[in-house]
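One-letter residues, chain by chain:
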Amino acid sequence: MGYKVAIAGATGNVGAEMLDILAERGFPADEVIALASRRSQGKEISFGDKTLKVQAMENFDFSSVDICLMSAGGSIAKEWAPKIAAKGCVVIDNSSAWRYDADVPLIVPEVNADDIVDFKKKNIIANPNCSTAQLVVALKPIHEKAGIKRLVVSTYQSVSGGGKEAMDELFNQTRAVFVNDPIEPQKFTKRIAFNVIPHIDEFMEDGYTKEEWKVLAETKKMLDPTIKVTCTAVRVPVFVGHSESVNMELENPLSPEEAQDLLREAPGILVVDKREDGGYVTPYECAGEDATYVSRIREDATVENGLNMWVVSDNLRKGAALNTVQIAEVLVNRGLIKPKAEAAA
């Protein structure tokens with residue numbers, strides 16, 4: 001007997017990817033329900049070879065649902081996740097609302113799947129920030145082998161991380177450049193077409209942005225609280241795929257060749273690192289793919305035990321929807337939840 005799964009925020013970029021990935025991976029669901037705001041009620045969206053009619057989340061009864069994959073934004077998650085969890089439905093939330101709660105596990109299955117057992121405290125599991133998810137997948141094998149002491153990360157994040165409106169803005173501004181129309185930034189603080197913006201999310205008192213703080217806090221929570229982390233997050237005119245320049249200072253020596261071998265053996269990673277023209281991965285190639293790609297692995301001779309690498313992944317998949325579905329798979333595969341319908345039978 002399969003599970004009953006609800007997608008909250010099914011009409012958004014990430015919600016649509018969740019539906020695609022559930023179908024692609026053959027998740028054992030007997031029923032999948034698409035939920036969104038009242039204004040999307042009745043809209044039809046595809047799920048595999050089926051068509052689902054969107055239902056309004058505010059009127060929906062979650063008491064028969066086993067798992068809710070939520071990508072509806074932080075304020076909605078803050079309000080609704082506890083209500084849904086109280087109905088005996090496990091919430092896997094993609095927003096930042098629950099990531100820093102000590103009683104809510106923050107999970108990337110390739111990194112800290114064993115921590116998932118703590119979901120029973122609140123019946124909520126948090127999905128990390130898109131840029132952190134791919135980062136910790138690449139860091140995990142290196143930290144286990146050589147210990148990461150200090151981390152300097154610069155992110156180059158695609159506009160899809162800001163939602164459909166952000167993608168539309170890049171498209172419309174790019175077109176406007178070619179037809180000489182005026183450009184008025186709306187979603188972004190400055191023009192995004194043919195430009196980069198060193199500002200994602202709101203500024204904090206220390207001069208960092210909240211996006212940069214997320215990378216710091218989440219890396220420490222999932223990997224190791226003793227790692228020193230600094231980050232600069234930049235929005236770039238790319239539709240899908242986040243890239244990261246990662247500089248590591250390690251506790252113990254690790255050669256680039258040893259790092260390549262470690263990463264090749266690690267789950268969820270593909271190493272493409274030929275020291276020649278085109279011997280690396282860009283966001284264009286990673287779009288639509290599940291893997292976290294690592295390239296440009298090389299020594300940093302300016303510090304003892306220094307290492308650099310380039311990390312790229314599809315932010316809508318591993319950075320969001322894929323990771324959420326993988327968390328649900330861990331719950332199922334480890335027997336941590338059983339279908340309610342099975343208990344009632």
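The structure presented is a predicted model; accordingly, all values stated were derived computationally and were not measured.

(A) Just the sheet that holds strand β11 (residues 242–250), in detail. With respect to topology, 6 strands assemble into an open sheet ordered β10-β9-β11-β14-β13-β12, the strand pairing being mixed. The open sheet is flanked by β10 (228–235) and β12 (269–271), the only strands paired with a single partner. In this sheet, adjacent strand axes meet at a mean angle of 25 degrees when their direction is disregarded. Bridge analysis of strand β13 (residues 292–300) against strand β14 (residues 306–313) gives 6 bridges, and the strand direction is antiparallel. Note that in β14 the partner of V294 across the bridge is V311. Lying on the sheet, helix α6 (residues 210–222) is in contact with β9 (148–157) and β10; it crosses β10 at an angle near 140 degrees.

(B) Structural view of the sheet that holds strand β7 (residues 90–93). Read from one edge of the open sheet, 6 strands run β5-β2-β1-β6-β7-β8, paired in parallel fashion. What marks the edges here is a single partner per strand, and that holds for β5 (55–56) and β8 (124–126). When strand β6 (residues 67–70) meets β7, the two strands line up parallel, connected through 4 bridges. Residue C68 lies in a different strand from β7, and its bridge partner there is V91. Together, β1 (3–8), β2 (29–36) and β6 form the strand contacts of helix α1 (residues 13–24), whose direction differs from that of β1 by roughly 155 degrees.

(C) Structural detail: the pairing of β13. As defined by bridge partners, β12 adjoins β13 across 3 bridges and the pair is classed as parallel. Considered in β13, the bridge of I269 is made with T292. Taking the residues between adjacent antiparallel strands as the criterion, β13 and β14 are bridged by 5 residues, where N305 takes a positive phi near 60 degrees.

(D) Quick peek at the nonpolar core. Among the nonpolar cores identified, the biggest contains 57 residues, and F62, M70, L139, I142, L151, M248 and M309 are the most heavily contacted of them. For this core, the two domains that each supply at least three residues are domain 1 (3–127 + 321–344) and domain 2 (131–158 + 196–314). Discounting residues that sit within four places of it in the chain, M70 has contacts with A8, M18, M57, A77, W80, A81, I84, V91, I92, D93 and N94.

(E) Representation of the UniProt feature "active site" (unreviewed entry) in the chain in the model. Within this structure's numbering, the places UniProt gives as "active site" (unreviewed entry) are C130 and H242. Maximum C-alpha separation among the annotated residues is 8.1 Å over a sequence range of 113 residues, consistent with a single clustered spot. If you trace the backbone, C130 turns up in helix α4 (residues 130–146). Once residues within four sequence positions are removed from consideration, C130 is found in contact with Q157, E211, H242, N315 and G319. Inspection of the secondary structure assignment puts H242 in strand β11. Once you skip the residues sitting within four places of it in the chain, H242 turns out to touch C130, S131, Q134, Y156, Q157, S158, G161, R235, V311, V312, S313 and N315. Among the polar contacts made by the side chain of H242, one reaches the main-chain amide nitrogen of S158 at a distance of 3.0 Å.

(F) Focus on the packing of aromatic side chains. Counted under the stated rule, the structure contains 5 aromatic pairs. Arranged with centres 5.0 Å apart and planes meeting at 85 degrees, the rings of F60 and F62 form a pair that is edge-to-face. There is no split in this pair, since F60 and F62 are both buried. Its guanidinium or amino end placed over the ring of W98, K78 lies 4.3 Å from that ring's centre, counting from NZ or CZ.

(G) Examining the pattern of salt bridges more closely. Within this structure, the stated rule accounts for 17 salt bridges. E329 serves as the salt-bridge partner of R25, at 2.8 Å between the closest nitrogen and oxygen. With a gap of 304 residues between them, R25 in the loop between α1 and β2 and E329 in helix α9 (residues 317–333) connect regions that are remote in the sequence. Exposure remark for R25: the relative accessible area of 36% places this residue in the partly exposed category. For E329, a relative accessible area of 15% translates into the label buried. The salt bridge partner of K214 is E211, with a shortest N-O separation of 3.6 Å. In this pair, K214 and E211 both sit in helix α6, 3 residues apart, roughly one turn of the helix.

Rules of the game
- Residues numbered from 1 in each chain as written.
- Predicted model: local features only at pLDDT ≥ 70, side-chain atom pairs only at ≥ 80, totals over all residues.
- Heavy atoms only, no water.
- Pairing = 2+ DSSP bridges.
- Helix = DSSP H or I, 4+ residues; strand = E, 2+ residues; numbered from the N terminus.
- Axes fitted to C-alpha atoms, helices over the stretch in contact; angles between N-to-C directions.
- Contact = heavy atoms within 4.5 Å.
- Core = buried A, V, L, I, M, F, W, Y, C linked by side-chain atoms within 4.5 Å.
- Buried < 20%, exposed > 50% of the residue type's maximum accessible area, 1.4 Å probe, protein only.
- Domains from an automatic or database assignment.
- UniProt positions renumbered as here; feature names shortened; annotations may be inferred.
- Polar contact = N/O pair within 3.5 Å; in protein donor to acceptor, adjacent residues only side chain to side chain.
- Phe/Tyr/Trp six-rings, centres within 6.5 Å; stacked < 30°, edge-to-face > 60°.
- Lys NZ or Arg CZ within 6 Å of the ring centre and 35° of its normal.
- Salt bridge = Lys/Arg side-chain N within 4 Å of Asp/Glu carboxyl O.

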